[in-house]
Amino acid sequence: MTATSVNLVIVPGLGDSGPEHWQSLWTQKFGAARVRQDDPDHPTPEAWSARLQDVIDATPGELVLVGHSCGVLTIVHWARLYGGHERVRGAVLVGPTDADQTSTYATHPGVAGMAPTPMQPLPFPALVIASESDPYVSMERAQAFAAAWDAEFVSAGDAGHINVASGHGEWPDGEILLGEALHAWTPPDIVRF
């Protein structure tokens, strides 16, 4: 049997995750595909999901989606709208933004376009990683998302929004969790980055 490879698809949130964000660093480090939205500050489930589908279609091999913040919402809306994809082996969902939390709209009004948050099981394995001090989602709500999406849940501790502002440019703990997920979701003959 010939070994195949797994490719990461990075799914950023609002503002496209800047150059020092762990998603940007992972894009370079792992040669990942990256979803670039036409309007990275005004998400809609339909437009952002369609762009994710385009990137999935254009990226060869077995895929693992890696979303952060509104990128998580993009993945769960895409799963609802498109039903998944046969080559998507799983998703790492980091710092999911609660689009139904209206207090978020004061600082990030674009998030409202992603409400309501889908609350049905995902058609692939998933891992939700959430912080106990994330201003955009409570721990209870992140756990409710994981349960609704039939995903595993890991607390990142007191880690803010798990972004550059909270000190997460390089994110070695995230790489460990990603590696564990890849080993769990892909067959032994898959070459992992």
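Shown above is the structure to which this text applies.
Not measured: the values here are computed from a predicted model. (Residues numbered from 1 in each chain as written. Predicted model: local features only at pLDDT ≥ 70, side-chain atom pairs only at ≥ 80, totals over all residues. Heavy atoms only, no water.)

Visitor: What exactly am I supposed to notice about the packing of helix α1 (residues 22-30) against helix α5 (residues 172-185) here?
Guide: For any two helices packed against each other, the geometry comes down to the angle between their axes and how far apart the axes lie. Between α1 and α5, the shortest axis-to-axis distance is 12 Å and the interhelical angle comes to 55°. On the basis of their axis angle, the class for α1 and α5 is oblique. Classified by chirality, the crossing of α5 by α1 is right-handed. Counted together, Trp-26, Lys-29 and Phe-30 of α1 and Gly-174, Glu-175 and Leu-178 of α5 form the full contact between these two elements. (Axes fitted to C-alpha atoms, helices over the stretch in contact; angles between N-to-C directions. Helix = DSSP H or I, 4+ residues; strand = E, 2+ residues; numbered from the N terminus. Parallel < 35°, antiparallel > 145°, perpendicular 65-115°, else oblique. Left-handed = near helix turned anticlockwise from the far one by under 90°. Contact = heavy atoms within 4.5 Å.)

Visitor: What is the right way to look at the pattern of salt bridges in this model?
Guide: Scanning the model with the defined rule gives eight salt bridges in all. Two residues, Arg-34 and Asp-16, come together in a salt bridge whose shortest N-O distance is 3.6 Å. With Arg-34 in strand β2 (residues 33-34) and Asp-16 in the loop between β1 (4-11) and α1, this pair connects stretches of sequence that are 18 residues apart. Residue classification places Asp-16 among the buried residues on the basis of a relative accessible area of 18%. Ionic pairing is found between Arg-51 and Asp-38, a salt bridge with its closest N-O pair at 3.1 Å. Residue Arg-51 is located in helix α2 (residues 45-58), and its partner Asp-38 is located in the loop between β2 and α2; the two are separated by 13 residues in the primary sequence. The class for Asp-38 is exposed, based on a relative accessible area of 68%. The network of salt bridges with common partners includes Asp-16, Arg-34 and Arg-36. (Salt bridge = Lys/Arg side-chain N within 4 Å of Asp/Glu carboxyl O. Buried < 20%, exposed > 50% of the residue type's maximum accessible area, 1.4 Å probe, protein only.)

Visitor: Sorry, what's going on with the environment of Trp-185 here?
Guide: Within the fold, Trp-185 resides in helix α5. Separated by 141 residues in the primary sequence, Trp-185 and Thr-44 have C-alpha atoms spaced 29 Å apart. Beyond its immediate sequence surroundings of up to four residues, Trp-185 is in contact with Val-64, Arg-89, Gly-90, Ala-91, Val-92, Pro-125, Ala-126 and Leu-127.

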